[in-house]
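Chain residues, written in single-letter form:
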Amino acid sequence: MTVTAVRAPLGWLGPGRLVEDVLVVLDGGRAAYAGSAAGVGVVASGTEGGTETLDGGPVPPEPDQEIHFEGFLMPGVVDRHVHIGMADPFSVVAGGVTAVRDLGWPPEVVLSMAGASEGPAFNGPLIRAAGPMLTCPGGYPTRSGWAPNGTGLEVRGAEEAAGAASVLLEAGAAVLKVALNSEAGPTLSDQDLVAICDVAHRGGTIVTAHCQGREQAARALGAGVDEFAHCPWSERLADELIEAMAKRMRIVSTLDILSYGRDTPELRTAIDNLRRFLAAGGRVAYGTDLGNGPIPPGIHVGEAWHLRTAGLSGEEVLEALTFRPLATGEPADLVGLGGNPLEDLDALANVRLVLRAGRRFG
Ligand SMILES: [Zn+2]
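Residues numbered from 1 in each chain as written. Predicted model: local features only at pLDDT ≥ 70, side-chain atom pairs only at ≥ 80, totals over all residues. Heavy atoms only, no water.

### Overview of the overall build of the chain
The condition that has to hold: Segments assigned H or I by DSSP are reported as helices when at least four residues long, segments assigned E as strands when at least two residues long, and all are numbered from the N terminus. Burial here depends on accessible area, computed with a 1.4 Å probe over protein chains only, as a share of the maximum for the residue type. Under 20% is buried, over 50% is exposed, and the range in between is partly exposed. Here, two residues are considered to be in contact whenever any of their heavy atoms come within 4.5 Å of each other. Methods summary: accessible areas were calculated by the Shrake-Rupley approach with a probe of 1.4 Å, and residue burial reflects only the protein chains presented.
Scanning the chain for helices and strands turns up 9 helices and 18 strands. Based on the C-alpha atoms only, the size of the chain along its principal axes is roughly 65 × 40 × 40 Å. Looking at the 362 residues of the chain, the share that counts as buried comes to 54%. Excluding contacts between residues fewer than 6 apart, the proportion of contacts in the chain whose partners are at least 24 apart in sequence is 63%. Accessible surface for the chain amounts to roughly 14,700 Å². Of this, 50% is attributable to carbon and sulfur atoms.

### Observations regarding empty space enclosed by the protein
Cut-off, in case you're wondering: Both cavities and pockets are sets of points on a 1 Å grid over the protein atoms alone; in a cavity a 1.4 Å probe fits but cannot get out, in a pocket the set is open with protein on both sides within 12 Å along at least five of seven lines, and lining residues sit with an atom within 4 Å of a point. Grid points are joined across faces, edges and corners, and a volume is the space filled by probe spheres set on the points. Gly is put with the polar residues, along with every residue not named as nonpolar or charged; the nonpolar set is Ala, Val, Leu, Ile, Met, Phe, Trp, Tyr, Cys and Pro, and the charged set is Asp, Glu, Lys and Arg.
According to the stated counting rule, one finds 1 cavity of 30 Å³ or more in the structure shown. By volume, the largest cavity amounts to about 50 Å³. If you trace the largest cavity, you find it lined by Cys211, Gln212, Gly213, Ala217, Pro232, Trp233, Ser234, Glu235 and Leu237. Per-class residue counts for the lining of the largest cavity are 5 nonpolar, 3 polar and 1 charged.

### Looking at the layout of surface pockets
The cut-off we apply is this: Those domain boundaries reflect an automatic or database domain assignment.
For the largest pocket, the calculated volume is near 960 Å³. Lining of the largest pocket is provided by 38 residues; of these, Ala99, Leu126, Arg128, Pro331 and Asp333 occupy positions nearest its centre. Breaking the lining of the largest pocket down by element, the ones donating at least two residues are strand E6 (77-82), strand E7 (97-102) and strand E8 (126-129). The element contributing the most residues to the lining of the largest pocket is E7, with 4 residues. Of the residues assigned to the lining of the largest pocket, the class counts are 18 nonpolar, 8 polar and 12 charged. Split by domain, the lining of the largest pocket shows at least three residues from each of two domains, domain 1 (3-74 + 325-360) and domain 2 (77-321). In this model, the second largest pocket occupies a volume close to 350 Å³. Forming the walls of the second largest pocket are 19 residues, and the residues nearest its centre are Val284, Glu316, Glu319, Ala320 and Thr322.

### A short note on the coordination of the zinc ion
To keep things clear, this is the line we draw: The rule for donors is simple: N, O or S, within 2.8 Å of the metal, or within 3.2 Å if the metal is Na, K or Ca. Water isn't counted, so a site may look like it is missing partners.
Taken together, the protein ligands of the zinc ion are His81 (NE2), His83 (NE2) and Asp289 (OD), with distances of 2.0 to 2.1 Å. In terms of primary sequence, the donors binding the zinc ion are separated according to H-x1-H-x205-D. With His81 in strand E6 and Asp289 in the loop between strand E15 (283-285) and helix H8 (301-309), the pair connects residues that are 208 residues apart, well separated along the chain.

### Quick look at H8
All buried positions along H8 are accounted for by Val301, Gly302, Glu303, Ala304, His306 and Leu307. Packing partners of the buried residues in H8 comprise helix H7 (265-279), E15 and helix H9 (314-321). Of the residues one or two after H8, Gly311 is the one with positive phi, at around 120°.

### So, the pairing of strand E2 (residues 18-27)
Heads up, the condition is: Here the rule is simple: two strands pair whenever DSSP picks up at least two bridges between them.
Pairing analysis gives 9 bridges linking strand E1 (residues 3-12) to E2, with the strands arranged antiparallel. Residue pairing in the sheet places Trp12 in a bridge with Leu18 of E2. Counting the residues that bridge the hairpin from E1 to E2 gives 5 residues, and of these Gly14 lies at a positive phi of roughly 155°. The pairing of E2 with strand E3 (residues 30-36) spans 6 bridges and is classified as antiparallel. Directly across from Val24, in E3, lies its bridge partner Ala34. Counting the residues between successive antiparallel strands, the hairpin from E2 to E3 contains 2 residues, one of them, Gly28, with a positive phi of roughly 65°.

### Topic: the sheet that holds strand E13 (residues 227-228)
Whether parallel or antiparallel, the strands of a sheet pair through hydrogen bonds between backbone atoms. Pairing is parallel in the open sheet, where 7 strands are placed in the order E10-E9-E11-E12-E13-E14-E15. With one partner strand each, in any of the chains shown, strand E10 (152-154) and E15 form the two edges of the open sheet. The pairing of strand E11 (residues 176-181) with strand E12 (residues 207-212) spans 6 bridges and is parallel. Looking at the pairing, Asn181 lines up with Gln212 of E12.

### Concerning the domain arrangement of the chain
For clarity, the threshold we go by: Buried area adds together the accessible area that both of two parts lose upon being put together, with accessible area traced by a 1.4 Å probe. When a carboxyl oxygen of Asp or Glu lies within 4 Å of a side-chain nitrogen of Lys or Arg, that pair is called a salt bridge. For the purposes of these results, a polar contact is taken to be a pair of N or O atoms within 3.5 Å, where, inside protein, one atom must be able to donate a hydrogen and its partner to accept one; residues adjacent in sequence count only when each atom of the pair is a side-chain atom.
Domain boundaries in the chain define domain 1 (3-74 + 325-360) and domain 2 (77-321). One C-alpha centre belongs to domain 1, the other to domain 2; they are set 31 Å apart. With 21 residues of domain 1 at the contact, the number on the domain 2 side is 25 residues. Of all residues in domain 1, Leu345, Leu348 and Arg356 bury the most surface against domain 2, accounting for 38% of the area lost on that side. Where domain 1 meets domain 2, there are 0 salt bridges. The tally of links from domain 1 across to domain 2 stands at 8 residue pairs in polar contact (both at pLDDT 80 or more). Breaking the side of domain 1 that touches domain 2 down by element, the ones donating at least two residues are strand E5 (72-75) and strand E17 (351-356). Of the residues forming the side of domain 1 that touches domain 2, the biggest block, 4 residues, is contributed by E17. Taken together, the residues that form the side of domain 1 that touches domain 2 break down as 13 nonpolar, 2 polar and 6 charged.

This is how it looks when you write it as structure tokens:
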């Protein structure tokens, strides 16, 4: 196992942890130290039992290689909505996205790719996947041009829906996705949705929903769905609905697919919904829907700007982009930027260093 030490003038290691002269020591796939370089070798006061514990944890091992990076360090970025089969995995990781969640692809392809992504030789991000979207006969995305056969799994009734959900979880699906797109065809019944949510929750995972068309967001909430795979954009949602959503649901942003850098009515509606959802205490996660239109691989700074427009602070944007802090015992995934994104968000487009599971990609 190679031990790599990365030192930089400034780093954001997680919420509330902006550190000058930062040192991150990566030991194989895990971080062995993340904190102030000056903190290494400083014994914390009040240690007992003869064990020396330092700021940030135990003494890190001696590095085999050292990287002096003149920029800004942060944890690897996680994109919670991609279609990796329509992207180049190497470009994704080299662009600063060290983990992705695939929300719709034939399971025999994407679940085996997800398994391969756990290995040290995989040239791409860590992949978690839903497999296909659960839908009703003729429902979205079974008639969509972008979706290969098997991207939608048609179920007839609650019993079949629950059975299909169980089979997917056994096959390694990390999350279940349901399609509720009334603009593209018929949709699952409320009974089907409840049955799928029950199986997911018993299996310790969540259900994410593609909601498109009037009333579909309310149906997802009522049936026990945990997450919106896109920020709802079909209609301005009522304040009472937004408040109920904020209590227990999460939104994955994917705002830029509504505009690709332009100003559109759909984008305005989605940002209005998201702003009120955030004000009500709801949580948002960064997601791009990579594979859908001209979304670039790697960190998409346009999506980050939409999150700012919806009301997140600079630090909250970094929180939405990441999953876990850079800390002892956490995955050895980090990104180095040419500038400080807390001062100028455009620095997110200036990726100069990427390590995933301790291996350098850019
Ligand atoms: Zn998608």
